[in-house]
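Now for the letters of each chain:
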Amino acid sequence: MQILVTEFMDAPAVERLKAHHEVTYEPQLVDDMPRLLQAAPKCDAVIVRNRTQVRGELLAALQRCNVVGRLGVGLDNIDLDECQRRGIQVIPATGANANSVAEYVIATAMLLLRGAYASTADVATGRWPRTELSQGRELAGRTLGLAGFGSIGQLTARLGKALGMNVMAYDPAMPATNPVYAATGVAATSLEELLAQADVVSLHMPLVDSTRNLFDHKRLAAMKKGAILVNTARGGIVDEAATAAALRSGQLGGAALDVFAAEPLQASAHFEGCPNLILTPHIGGLTVESNERVSSLVAAKVLEALA
Ligand code: NAD
């Protein structure tokens, strides 16, 4: 059978697919829509990351495709209703990049709370900004608020607990009676309570209608003054202009944003010169280890689905 891979996939996983099927591996194909549309009708399975939009014209061209492998977990680039209607199985890499994201959350929270790691140029050139950099905050003893308590939220809770944080989580699909709270030592809470209590608020929910623009001006203002916001979930959940304004006013003590409403982010007047801000190009889930895990998991599941 024919498998089309339109974005980067780890080499050993591609080889594993090739051992069983005819594979077209073109990691740049996502940027060449005419050629992608030309290749689509021939394939029985397509494997994508988050940039290939499996909807509309492309989905219509995938005439005999039965399987969509997703090298990641968010499914907002796939028209799930239409796939279901056509009996196309969608296979995400659930859990395989969770640790990379969880480590990103803890690392950026520590960097932003401490605020002391950008002194290399000063120290190397003989300045000694010891007084300015002696007011950093510790992670231990602070409260981590997780908005969304699925696989990444739960792993982030484990890392936060291991470092001595108090952890609370809000997830509308997981009532306080869910045994996962007792098992992880995490307090179930409402979004309002989480915003009022947490020193670090980290988002781990999908982008759906009910979460679009959830972190708007009002909710950012309801956070504890000086708290840190980390968004590795999806752009569109956080209002970017309101986040920049909250950083400038000191309402937010820092923010790490890995995902944006439009990616790549265009040069943005909101963020220029914004204090205590870490911006990364949607790499929260990308590490050497997670690339291997994600690719090998999807390869195995796609092979199983085609068997
Ligand atoms: P998951 O499906 O395991 O968990 C998501 C949780 O969010 C679920 O428990 C769900 O009940 C909850 N949720 C739904 N609506 C909510 C709401 N309104 N408020 C609070 N919680 C809500 O997903 P996951 O694997 O933990 O991934 C979480 C997010 O991280 C997703 O948006 C995913 O796209 C994103 N992600 C980003 C990267 C990256 O590179 N930055 C990598 C992996 C995943």
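Residues numbered from 1 in each chain as written. Predicted model: local features only at pLDDT ≥ 70, side-chain atom pairs only at ≥ 80, totals over all residues. Heavy atoms only, no water.

**Remarks on the nonpolar core**
The nonpolar side chains of soluble globular proteins are, as a tendency, buried together. Basically, it comes down to this: Nine residue types can take part in a nonpolar core, namely buried Ala, Val, Leu, Ile, Met, Phe, Trp, Tyr and Cys, and a core is a set of them joined through side-chain atoms within 4.5 Å. We call a residue buried when its accessible area falls under 20% of the maximum for its residue type, exposed when it is over 50%, and partly exposed in between, using a 1.4 Å probe and counting protein chains only. Secondary structure elements are taken from DSSP: a helix is a run of H or I of four residues or more, a strand is a run of E of two residues or more, and numbering for both begins at the N terminus.
Counting 30 residues, the largest nonpolar core has Val201, Leu203, Phe215, Met223, Leu229, Ile237 and Leu252 as the members making the most contacts within it. Elements with a minimum of two residues in this core: helix H9 (191–197), strand E9 (200–203), strand E10 (227–231), helix H11 (240–249) and strand E11 (252–257). No other element matches the four residues that H11 contributes to this core. Grouped together as the second largest cluster of nonpolar side chains are 28 residues, Val101, Leu139, Tyr181 and Ala256 included.

**Points about the sheet that holds strand E3 (residues 45–48)**
Convention followed: Here, any two strands with at least 2 DSSP bridges between them count as paired. To get an axis, a line is fitted to the C-alpha atoms, and for a helix only the part in contact is used. The angle between two axes follows their N-to-C directions and goes from 0 to 180 degrees. In what follows, residue pairs with any heavy atoms lying within 4.5 Å of each other are defined as contacts.
Here five strands make up an open sheet; going across it, the order is E2-E1-E3-E4-E5 and the pairing parallel. Unpaired on one side and paired on the other, strand E2 (22–25) and strand E5 (89–92) mark the two borders of the sheet. Neighbouring strand axes in the sheet, compared pairwise and without regard to direction, differ in orientation by 15 degrees on average. Here four bridges tie strand E4 (residues 67–70) to E5, and the two strands are oriented parallel to one another. Bridge pairing in E5 places Gly69 opposite Ile91. Lying over the sheet, helix H1 (residues 11–18) contacts strand E1 (2–5), E2 and E3, oriented at roughly 150 degrees with respect to E2.

**Focus on the environment of Ala261**
Mapped onto the secondary structure, Ala261 falls in the loop between E11 and strand E12 (277–279). Residue classification places Ala261 among the exposed residues on the basis of a relative accessible area of 61%. Between the alpha carbons of Ala261 and Glu132 there is a distance of 35 Å; along the sequence they are 129 residues apart. Every residue in contact with Ala261, bar those within four places of it in the chain, is listed here: Gly235, Gly236 and Glu240.

**Overview of the packing of aromatic side chains**
Heads up, the condition is: For Phe, Tyr and Trp, where Trp contributes only its six-membered ring, two rings pair if their centres lie within 6.5 Å, and the inter-plane angle classes them as stacked under 30 degrees, edge-to-face over 60, or tilted in between.
This structure, assessed with the given rule, holds one aromatic pair. Between Phe149 and Tyr181, the ring centres sit 5.4 Å apart and the planes meet at 15 degrees, which makes this aromatic pair stacked. You can see Phe149 sitting in the loop between strand E6 (143–147) and helix H7 (151–162) and its partner Tyr181 sitting in helix H8 (residues 179–184), a full 32 residues away along the chain. The class for Phe149 is buried, based on a relative accessible area of 0%.

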